[in-house]
Each structure stands twice: as structure tokens, then as C-alpha cells.
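Results of the structural survey
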Amino acid sequence: MADQKTKPSGIRIQLKGLRTTAEIRAMLHDAINQLDDLAVTHLRGVNLYVTPADKEGSPVTPRKHRRKITSITIEQPYKSVADEYGV
């Protein structure tokens, strides 16, 4: 385990351009494949910052129930029923 006093070096993953969410999904998949190719098996402290935009590239502010959304937290990966029962 790494020394807690030493800040670990990270790998920057940059996804360029105005993209659809489907394109970003594919680009993230490609980035994970590249990590696999580098024999990276675990990650921690992953932060992803996005700028929501309309199709012309103008920034937009997502809202849910009239409240501005500023963060999304995923605590753990989705587990399918098959995973739960070892199928």
C-alpha cells in the first residue's frame, strides 16, 4: 500500500470536443481499455467533471424538481440479479 503522506501520481484522461452522451460513453470505454492495456487493475479517487451543453455547445444548467444539479455520486457499481445469484 502506498505511503499515506505521499500524494500518488494520477493519470489524466481527457475527452475532447462537443460530444453526445453516447459518444462520451464510448470514449470512456476506450479510456478504460487503455488502462487495461497498461495493466492497471484498480482505480481510486476518480473524479470526472463535465460541462453540460446544448447541441450548439452553449452551456446549460441541469435541474431536477426545480433544483440545480451540481454533483452525481455513484457509491458502487450496478449489480445485476445474475451477479447477485452468481449466475
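**Looking at the environment of Val-87**
Tracing the chain through its elements places Val-87 in the segment after helix 2 (81-84). Given a relative accessible area of 82%, Val-87 falls into the exposed group. Residues Val-87 and Ser-71, 16 residues apart in the sequence, show an inter-C-alpha distance of 34 Å.

**Remarks on helix 1 (residues 21-37)**
The end-to-end C-alpha separation of helix 1 is 24 Å, in line with the 24 Å expected for 17 residues at 1.5 Å each. After helix 1 finishes, the residue Ala-39 shows a positive phi value of roughly 65 degrees.

**Quick notes on the confidence of the model for the protein**
Reading predicted coordinates in detail is not appropriate for stretches of low pLDDT. Mean pLDDT over the protein stands at 90; residues scoring 70 or higher make up 95%. By mean pLDDT, helix 2 is the weakest element of the protein at 81, and helix 1 is the strongest at 97.

Reading the values: rules and limits
Residues numbered from 1 in each chain as written. Predicted model: local features only at pLDDT ≥ 70, side-chain atom pairs only at ≥ 80, totals over all residues. Heavy atoms only, no water. Helix = DSSP H or I, 4+ residues; strand = E, 2+ residues; numbered from the N terminus. Buried < 20%, exposed > 50% of the residue type's maximum accessible area, 1.4 Å probe, protein only. Expected span 1.5 Å × (residues − 1). pLDDT = per-residue confidence, 0-100.

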